[in-house]
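Tertiary structure, described
Listed here are the chains, written in short residue letters.
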Amino acid sequence: MKFIFSILCLLCVQLSIAQEAGLPILTNFNKVRDFYQESTTYMARRALRFFGIYSALAAGLLYIFTSLPTSFLPNEDQGIMFMLVNTPPGATAERTLESMAEIEDYFLDGQAENVEHLFTVTGFSFAGAAQNNGMGFVGLKDWSERERPDQSVFAIFGQAMGALSQVKDAMAFAFFPPPIQELGNASGFDFHLVDRAGLGHEALMNARNQLLGSASQNPAMVSVRPNGLNDVPQLKIDIDSEKASAFGVSLDDINRTLQIAWGSSYVNDFLDKGRIKRVYLQADAEYRMNPDDIYDWYVRNNQGEMIPFNNFSATRWEYGSPKLER
């Protein structure tokens, strides 16, 4: 407040000096003041007329506001596209690679006129990491080489969706990035289904499938799909701790053997051509491809004897989620 008061005092002093000196600044100020007084007096004497003019302007603005077309954000051709690929649950990485190769052939051959380069990844996507997942990054040619309407990213997207729907034993779809990252290029919402009653994973998946089926039949919603990974076959190993203890095998040694054989384990580092690289220990692929391979493995007990896995373990198949969320 003190600062504003000081500015007003300074302005008054300057106006006084200008009046004494006969400067035009005061004359112009008086002209603006007189015009304001005359115009407001004129409008006040004709209040109904100017109120009607104001109402007409407000109605015109309201009409323009409601008649303008609306959109979330205008789409933009940024010269890139993405694609997601899901093969059936339980499919191996080799099976997913076959579908990815078919999709690569379409973009590199069928869209050779528009595609500059293509990069694909198997085993990972925006939904999560799994052997039956894959994604790709499609780089289009420069805009100067794509001048026809059918060469825009929107036209290529429509053509790609039709071609990807023909891929057998895989669900693949393409999409282009939004004009502003993190804002999206479509309206929509995410729905989280929670098992509040503790009925279990199987009941939750049945409720999810029922919900997706009902939502897909609703004309008010399109592109309804689960944002996650489907249940996949899982091999569960049941360890009989009493038998393992009778054979003198500790649970730590059993877990360590399973980790090294199927999941790999970090050992140490070594120097190679001036670069430090890590050493991981893991079973060869031919000894961890089938469920029965586990019976070819042995664990050393507390007396130095090698005890086979089938002496204290049993295997069974079940369906489960590859990614657990809380």
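One can find the structure itself at the top, above this paragraph.
Residues numbered from 1 in each chain as written. Predicted model: local features only at pLDDT ≥ 70, side-chain atom pairs only at ≥ 80, totals over all residues. Heavy atoms only, no water.

**With respect to the sheet that holds strand β1 (residues 80–86)**
The 4 strands lie next to each other as β2-β3-β1-β4, forming an open sheet whose pairing is antiparallel. Where the open sheet ends on each side, the last strands, each with one partner, are β2 (115–125) and β4 (171–175). When the angles between neighbouring strand axes are averaged without regard to direction, this sheet yields 15°. Pairing analysis gives 7 bridges linking β1 to strand β3 (residues 128–140), with the strands arranged antiparallel. Bridged to Met83 within β3 is Gly136. Contacting β1, β2, β3 and β4, helix α4 (residues 93–110) runs over the sheet at an angle of about 165° to β2. Contacting β1, β3 and β4, helix α5 (residues 153–164) runs over the sheet at an angle of about 175° to β4. (Pairing = 2+ DSSP bridges. Helix = DSSP H or I, 4+ residues; strand = E, 2+ residues; numbered from the N terminus. Axes fitted to C-alpha atoms, helices over the stretch in contact; angles between N-to-C directions. Contact = heavy atoms within 4.5 Å.)

**Description of unusual backbone geometry**
A positive phi angle is found at Asp169, which is not glycine, with a value near 55°. Looking at the element boundaries, Asp169 is found in the loop between α5 and β4. Positive phi, normally seen in glycine, also occurs at Ser264, with a value near 75°. In this fold, Ser264 is placed in the loop between α8 (251–263) and β6 (265–272).

**What to know about the environment of Pro74**
The residue Pro74 is located in the loop between α3 (47–67) and β1 in this model. As a C-alpha pair, Pro74 and Pro178 span 104 residues in sequence and 8.7 Å in three-dimensional space.

**Some points on the side chain of Ser99**
Along the chain, the position of Ser99 falls in helix α4. Judged by its relative accessible area of 2%, Ser99 falls in the buried class. Those residues in contact with Ser99 that lie beyond four places of it in its chain are Thr87, Lys168, Asp169 and Ala170. (Buried < 20%, exposed > 50% of the residue type's maximum accessible area, 1.4 Å probe, protein only.)

**Comments concerning helix α6 (residues 201–216)**
Between its terminal C-alpha atoms α6 stretches 22 Å, which fits the 22 Å expected from 16 residues at 1.5 Å a residue. Buried within α6 we find Met205, Arg208 and Ala215. Along α6, the residues classed as buried sweep out an arc of 90° about the axis, all on the same side. Summarising the geometry of α6, the exposed residues directed more than 90 degrees from the buried face are Glu202 and Gln210. (Expected span 1.5 Å × (residues − 1). Arc of directions from axis to C-beta.)

**Comments concerning the pairing of β3**
The buried fraction of β3 amounts to 10 of the 13 residues, a majority that puts the element mostly inside the structure. The pairing of β2 with β3 spans 9 bridges and is antiparallel. When the bridges of β3 are listed, Val121 appears paired with Met135. Where β2 hands over to β3, the hairpin turn is made up of 2 residues, counted between the paired strands.

**Quick look at the packing of aromatic side chains**
Applying the stated criterion to the full structure yields 10 aromatic pairs. Ring plane angle 80° and centroid distance 6.1 Å describe the contact between Tyr42 and Phe50, whose orientation is recorded as edge-to-face. Summarising the aromatic geometry, the rings of Phe82 and Phe137 are spaced 5.5 Å apart at their centres and angled 90° between planes, so their arrangement reads as edge-to-face. A residue pair is termed long-range when its members are at least 10 positions apart, and Phe82 in strand β1 and Phe137 in strand β3 qualify at 55 residues. (Phe/Tyr/Trp six-rings, centres within 6.5 Å; stacked < 30°, edge-to-face > 60°.)

**A short note on the pattern of salt bridges**
Applying the stated criterion across every chain, the model contains 8 salt bridges. One salt bridge connects Arg256 with Asp253, and the closest N-O pair in it is separated by 2.7 Å. Of this pair, Arg256 and Asp253 both sit in helix α8, 3 residues apart, roughly one helical turn. Arg256 gets classed as partly exposed once you look at its relative accessible area, which sits at 44%. Under the relative-accessibility criterion, Asp253 is labelled partly exposed at 26%. Note that Arg316 is salt-bridged to Glu318, the shortest N-O span being 3.3 Å. By sharing partners, the salt bridges in this structure join Glu113, Arg148 and Asp150 into a single network. (Salt bridge = Lys/Arg side-chain N within 4 Å of Asp/Glu carboxyl O.)

**Section: the environment of Asn230**
Its location among the elements puts Asn230 in the loop between α6 and β5 (232–239). Put simply, Asn230 and Pro89 are 141 residues apart on the chain and 6.4 Å apart in space, counted from C-alpha to C-alpha. Leaving out residues up to four positions away in the same chain, Asn230 has contacts with Pro89, Arg208 and Pro322.

**Some words on the nonpolar core**
One finds Met81, Ile103 and Phe107 to be the most contacted residues of the largest nonpolar core, which totals 19 residues. Of all elements in the fold, only β1, α4, β3, α5 and β4 reach the threshold of two or more residues within this core. In this structure, Met81 is in contact with Gly136, Phe137, Val138, Val153, Ile156, Phe157, Ala160, Ala174, Phe175 and Phe176, ignoring residues within four places of it in sequence. Listed in part, the 8 residues of the second largest apolar core include Ile254, Ile294, Ile307 and Phe312. (Core = buried A, V, L, I, M, F, W, Y, C linked by side-chain atoms within 4.5 Å.)

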